[in-house]
Structure formats: C-alpha cells, structure tokens
Amino acid sequence: MVDSLDEMKFCPVHPTEEEKRPIVSIGAGGIVNDCHYPAYKLAGYSVIGLFDLKPERAQMMAEKFGVPTVCPTIDDAVKLAQDNGAIFDIAVPASRIPSVLEHIPDGSATLIQKPMGENIQQARKILDMVHEKHLTAGINFQLRDAPYIIAAKQMVDKGLLGTIVDMEVRETVFTPWNLWDFLYKVDRMEINYHSIHWVDMIRYFLGDPTGVWCKTMKHPEMDGLAQVKSNIIMDYGDYLRAGIISNHNHKYGLDEQECFIKIEGTKGCIKVTTGVYLDYPKGKPDVFKYNLLEDGKGWRTLDVHGSWFPEAFVGTMGGLMKKVADPNYHYINNIDDAYKTMCVCEACYESSAHGETPVEYE
Ligand SMILES: NC(=O)c1ccc[n+]([C@@H]2O[C@H](COP(=O)([O-])OP(=O)(O)OC[C@H]3O[C@@H](n4cnc5c(N)ncnc54)[C@H](O)[C@@H]3O)[C@@H](O)[C@H]2O)c1
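Residues numbered from 1 in each chain as written. Predicted model: local features only at pLDDT ≥ 70, side-chain atom pairs only at ≥ 80, totals over all residues.

1. Re the domain arrangement of the protein
Then, in step 1: Structurally, the protein comprises domain 1 (5–143 + 311–331) and domain 2 (144–302).
Then, in step 2: The centre of domain 1, based on its C-alpha atoms, is set 26 Å off from the matching centre of domain 2.
Then, in step 3: The partner domain 2 presents 16 residues to the 16 residues of domain 1 that form the contact. (Domains from an automatic or database assignment. Contact = placed C-beta atoms within 7 Å.)

2. A few points about helix H8 (residues 312–325)
Then, in step 1: With 14 residues, H8 ought to run about 20 Å at 1.5 Å a step, and its terminal C-alpha atoms sit 20 Å apart, in line with that.
Then, in step 2: In terms of residue burial, H8 counts as a mostly covered element, since 11 of its 14 residues are buried.
Then, in step 3: Along H8, the positions that sit buried rather than exposed are Ala312, Phe313, Val314, Gly315, Thr316, Met317, Gly318, Gly319, Leu320, Met321 and Lys323.
Then, in step 4: Against helix H1 (30–43), strand E4 (87–90), strand E5 (109–112) and strand E6 (136–139) lie the buried residues of H8. (Helix = DSSP H or I, 4+ residues; strand = E, 2+ residues; numbered from the N terminus. Expected span 1.5 Å × (residues − 1). Buried ≥ 20, exposed ≤ 12 C-beta atoms within 10 Å, placed from the backbone.)

3. Some details on the site of the ligand
Then, in step 1: Around the ligand, the structure places 26 residues, and the nearest of them are Gly27, Gly29, Gly30, Ile31 and Gln113.
Then, in step 2: The greatest single-element share of the shell around the ligand, amounting to three residues, is contributed by H1.
Then, in step 3: Among the residues making up the shell around the ligand, the classes are represented as 15 nonpolar, six polar and five charged.
Then, in step 4: Both domain 1 (5–143 + 311–331) and domain 2 (144–302) contribute no fewer than three residues apiece to the shell around the ligand. (Near = placed C-beta within 6 Å. Nonpolar A, V, L, I, M, F, W, Y, C, P; charged D, E, K, R; others polar.)

4. Side note on the nonpolar core
Then, in step 1: In terms of nonpolar packing, the biggest core is built from 95 residues, with Tyr40, Leu50, Ile87, Met317, Cys345 and Cys348 touching the most fellow members.
Then, in step 2: At eight residues, the largest contribution of residues to this core is made by helix H9 (residues 335–354).
Then, in step 3: Each of domain 1 (5–143 + 311–331) and domain 2 (144–302) gives at least three residues to this core.
Then, in step 4: Apart from residues no more than four positions distant in its own chain, Met317 is found in contact with Tyr40, Tyr45, Asp89 and Leu111. (Core = buried A, V, L, I, M, F, W, Y, C linked by C-beta atoms within 7 Å.)

5. Things to note about the pairing of strand E11 (residues 258–265)
Then, in step 1: Examined bridge by bridge, strand E7 (residues 164–172) and E11 share eight bridges and lie antiparallel to one another. Bridge pairing in E11 places Ile164 opposite Gly265.
Then, in step 2: Relative to strand E12 (residues 268–273), E11 runs antiparallel, the two sharing five bridges. Its bridge partner lying in E12, Ile263 is registered against Ile270. (Pairing = 2+ DSSP bridges.)

6. Observations regarding the sheet that holds strand E3 (residues 69–70)
Then, in step 1: Taken together, six strands build an open sheet; the order of strands is E3-E2-E1-E4-E5-E6 and the sheet is parallel. The sheet is open, and its two edges are formed by E3 and E6, each paired on a single side.
Then, in step 2: Set on the sheet, H8 makes contact with E4, E5 and E6; between it and E6 the angle comes to about 165 degrees. (Axes fitted to C-alpha atoms, helices over the stretch in contact; angles between N-to-C directions.)

7. As for the sheet that holds strand E9 (residues 229–235)
Then, in step 1: On the basis of which strands lie adjacent, the open sheet formed by eight strands has the order E8-E9-E10-E7-E11-E12-E13-E14 and mixed pairing. What marks the edges here is a single partner per strand, and that holds for strand E8 (211–217) and strand E14 (299–302). Taking the axes of each pair of neighbouring strands and ignoring which way they run, one obtains an average angle of 10 degrees across the sheet.
Then, in step 2: Pairing analysis gives seven bridges linking E8 to E9, with the strands arranged antiparallel. Bridge pairing links Met217 to Lys229 in E9.

Here it is, written out as structure tokens:
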C-alpha cells in the first residue's frame, strides 16, 4: 500500500476538500476492513458511523479504524447520515442489498458493493429501487479505478496503441475460496464474485459486447462451490478478440502461476501483471509493461505506484462524492453502467447453460 496519494502517478479520482462528504457504513465485514477503510484513510475521507448486523463486529471495526459512532440499528445509521449529509457505503452480501436499500432515504447518495445482486432479476430490482428513490448510486467495480488501469486507459485513449484488436485476461492461480464462507451458498460463483471485475474492465475499454460465449465450471477438489473457473469470449465483431480465461485451481506452485491483462493494438501493446492474485493472499508485485512499435524501444516498464487493493477504492467513493457535488460529473462507476456489466454476466451464465454447439461425428 502506498503512504500518500501524492506518490501515485496514476491516482484514482478523489474529491477536493469542498467536495468531500462524510460516510456512514452499512455492513463492515472483510472487504471494509481490507480495502474500504484503508483507502478512505489514505484519501482523507471521514467515516462518521457504521452499522453491522453483528454488534461485536461493528464495535471491533469502529475501534480499529477510529469510527466515532456504532449505530445500534440501521435506522440509527440512516438518521446519522441524514443529520450530517453523509454518503452511504453499503457492503453486505449481494442478496441483502434490496432490503438495505429500503431504509435509504429518497435523494441520498450510496456506494454499493458488487455484485449488484446474485442475478439479473436482483440487479433490475436494485436498479429500479435506485431510480424510484432518486438515489445517486455507484457499484464498487473498482478495478476501473486501479492505478494501472488508469495508466492503460490513458494510453489507449491517446491512441498510443492504435486500433485495439485483442484484449485478454488470463489467470492461472490458486485461490483459497474457503476464506469466504458465503460463497459456498451461492448458485453463481466464479463469474459473479470474481470474473465480473474483468468483464466490467473489458467493457470500460471496449464498450458493450453484442454477445458472449461462456463456459463456467467446477473442480473436483472444490465441489462445495458452484463454479470455480471460466472461459468467456466477449463478442466485438470479426476483428477484435476479447476474453477471459480464469483457472483458480493451479496447485502446482508459484513458478507457472500467472495473472495478467493484455491489450494489443495495431501500434502497441500493454501487459499488466496483476500481482494481487499471485501467491494469494500474500500477493506479488504488479508489473506494467508496454511496447510501442513507433518508438522502437521494445518492451519497457512503467512505474505505477498503488494497486487495485486498496488504492482503487479511493476512486469508486471519490467519484461518487464528485458526482454528488456536480450532477454533470461523469462518474465511471455509476449504477446504470454497472447494470450493463450484470447483463453481460447474465448472458455468460445463459451461454454456459445452453450455448454449446454439438459436434457432429458422423
Ligand atoms: N469489490 C471487491 O473487490 C470485493 C471484494 C470482496 C468482497 N466484495 C463484496 O462485498 C460484499 C461483502 O463481502 P465481505 O467479504 O465483506 O463479506 P463478509 O461476510 O466478511 O462481511 C459482510 C458483513 O455484512 C454484514 N451484514 C450482512 N447483512 C447485513 C445487513 N442487512 N445490514 C448490515 N450488515 C449486514 C455481516 O454481519 C458482515 O459483517 C460481498 O457482496 C462481496 O462480493 C467485493
């Protein structure tokens, strides 16, 4: 983790002092401990209160991060937020998001942890509630706000890579899924809880695919989990290949583990090693390499400070604060855009269930 936002050359968007708003948390579990609060500390965001269904968890988190108020009920948290013009930060299991949103007052602002529901019906319900309540809302697809993605997006937008013809995410890692109990209860696991970040990031660069081909699968040693590995092709026509290959069961040591995002254009290429998933949960350093044909310098390394976890979380909340301050601000994690990522994931599950082309051998 970096010590200061000033160190970060490709810094996630963060508000001015005038734009900053206090935060009230609903749900204070693992991801809030690991990423939300460390990032908010880095960015100087003030969490003024929290509510968690487990009072002892709420107390522990308040003490650990110096949050001044532990709210005994969700309605106390709502009142605290209303009295202080605070933004809500909802980080509860996906299926509980609608029941939490019922308490959120009309016209408020809220960041909601991904996934946006367990399936498209829940996503639609969440989207409809947000619209009916006139909430300013974002979904925490924070990979878009990771410093290496900010750097890559700048290079692509400047045209340094030419026309993009290939975008690939490849993960060959060993993920200890047992760290997250709730994953054993869901019908849709790998894509909804993991590859969804890759899908959202590919959409951020390439826009909405017209279709997908997908197969998401199990592993005999992880039978308690609905699926643990996926191949996804996102269709962008005849010239642009885009896809994700994720294998979370590579138990053969670190030598051949890999996790990278590669963007190839007609004039240049970027390859980012995303270290967080290598040797999980210890992680390895990120590496940002690029090659621009016209400068003839071959492969070079770009110095990018800060990473996905936790620094990117500065941006999902920071962008929301800026959106609240200026309704015309383009907030990249806005819920209407996030819903389209849920549509792509839904299509992936549909494809996986129904999509194969039988092979004719006779
Ligand atoms: N964006 C990311 O990269 C990322 C990473 C990890 C987890 N997540 C998502 O964050 C969500 C939470 O994950 P986690 O790892 O923190 O889980 P967790 O089980 O560690 O924590 C969830 C917390 O929410 C509390 N809670 C549940 N229902 C509640 C309610 N109605 N009101 C208040 N509190 C409630 C629980 O008591 C618990 O403390 C999940 O949906 C997960 O997918 C996102």
